[in-house]
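Close look at the chain arrangement
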Amino acid sequence: MTDPFRVARQAFSGLLALAALLGAPAAQAQDSDHAPAAHRELQVVVAEGPANGAITLPTTGPATTTLPPARGMLALAPAPSAANAATLADLVEATPMPAQLSSELECLAGAVYFESKSESLAGQLAVARVIVARSQSGRYPASYCGVVYQPSQFSFVRGHAMPMINRTSRFWANAVRIAVIADQGAWKSPVEGALFFHAARVSPAWGKTRLAAIGGHIFYR
């Protein structure tokens, strides 16, 4: 007959042995956690050969790198101004045509067109600056249109109107750009401050201070 107490003791002994076996790795791990830092080692396994697609960063060298310009990128052109234009012709060339002219610029450009379209750019600017100066003088109407259409001032005006303008011509394009430049004061004319001018072919008895002759016009203050 089997002794039940003996069987129980054997089973209990087996459980103790199994528990000791399973507890050994945990005890070892716990012991290693309490080991001095000098005896602990961190092992990293790295596969031999370069990693696929990896980029090796230099340990020395400049901190910045100059990149080439991106393909297809365009440099921004400087805005037209007297500061970056070598000549008046350069400034006229760089000045864009307005998408739509105001009535004031229309009057100013029309006066430049009819009075001086065959003159040099300097001569055209001088005419435009006379109109600008008059509008600011307090002695004449305070607008470009008021100055241009003032009675008995400009011979091309007929019945408070201008003749037809060929708006597809380079003369009109130049007159508009000159009007923009004169309005903005973007280029200094040799006759700044002039309020009067006449064609060089005539000699009116004006008791005014002569400033200069530019092309076919003589300018006075």
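The structure contained in this document is the topic of the report that follows. (Residues numbered from 1 in each chain as written. Predicted model: local features only at pLDDT ≥ 70, side-chain atom pairs only at ≥ 80, totals over all residues. Heavy atoms only, no water.)

So, about the overall build of the protein. Counting its secondary structure elements, the protein contains six helices and three strands. Counted from the first residue to the last, the protein has its helices and strands arranged as α-α-α-α-α-α-β-β-β. In the protein, buried positions account for 29% of the 221 residues. Put simply, of all contacts in the protein between residues at least 6 apart along the chain, 59% involve residues at least 24 apart. For the protein, the exposed area adds up to about 15,600 Å²; of that, 58% sits on carbon and sulfur atoms. (Helix = DSSP H or I, 4+ residues; strand = E, 2+ residues; numbered from the N terminus. Buried < 20%, exposed > 50% of the residue type's maximum accessible area, 1.4 Å probe, protein only. Contact = heavy atoms within 4.5 Å. Areas by Shrake-Rupley, 256 points an atom, 1.4 Å probe, with all protein chains shown as cover.)

Core analysis: the largest hydrophobic core is formed by 47 residues, its most contacted members being L108, I131, V148, F154, W172, I181 and F219. Looking at this core, the elements that each hand over two or more residues are α2 (88–94), α3 (103–116), α4 (121–137), α5 (144–148), α6 (170–184), β1 (196–199) and β3 (217–220). The residues contacting L108, other than those within four sequence positions of it, are A128, I131, V132, Y144, A179 and D183. (Core = buried A, V, L, I, M, F, W, Y, C linked by side-chain atoms within 4.5 Å.)

Let's shift gears to the state of the cysteines. The final tally for this structure, using the stated rule, is one disulfide. Bridging C107 to C145, the disulfide has an S-S length of 2.0 Å. For the disulfide bridge between C107 and C145, the dihedral angle about the S-S bond is near 95°, and by the sign convention the bridge is right-handed. Taken as a pair, C107 in helix α3 and C145 in helix α5 lie far apart in primary sequence, 38 residues in all. (Disulfide = S-S within 2.5 Å.)

Non-glycine residue S152 carries a positive phi angle of around 65°. Here S152 is to be found in the loop between α5 and α6. Under the relative-accessibility criterion, S152 is labelled exposed at 80%. Located in the positive-phi region is H160, a residue other than glycine, with phi close to 55°. Relative to the helices and strands, H160 resides in the loop between α5 and α6.

For the structure shown, the criterion picks out nine aromatic pairs. Plain terms: the ring middles of Y140 and F196 are 6.5 Å apart, the flat faces sit at 65° to each other, and that makes the pair edge-to-face. Of this pair, Y140 sits in the loop between α4 and α5 while F196 sits in strand β1, placing them 56 residues apart in sequence. Both residues of the pair, Y140 and F196, count as buried. (Phe/Tyr/Trp six-rings, centres within 6.5 Å; stacked < 30°, edge-to-face > 60°.)

Where burial is concerned, the two faces of β3 agree: the one with H217 and F219 and the one with I218 and Y220 are both buried. Note: β1 against β3, four bridges, orientation antiparallel. Residue pairing across strands places H198 opposite I218, the latter belonging to β3. Where strand β2 (residues 210–214) lies against β3, four bridges are found, and the strand directions are antiparallel. Residue A212 lies in a different strand from β3, and its bridge partner there is F219. Turn length for the β2-β3 hairpin, with the two strands adjacent in sequence and antiparallel, is two residues, and the turn residue G215 shows positive phi of about 60°. (Pairing = 2+ DSSP bridges.)

What follows concerns the side chain of T95. Mapping T95 onto the fold places it in the loop between α2 and α3. Given the relative accessible area of 7%, T95 is considered buried. Side-chain polar atoms of T95 contact the backbone oxygen of L91, separated by 2.6 Å. (Polar contact = N/O pair within 3.5 Å; in protein donor to acceptor, adjacent residues only side chain to side chain.)

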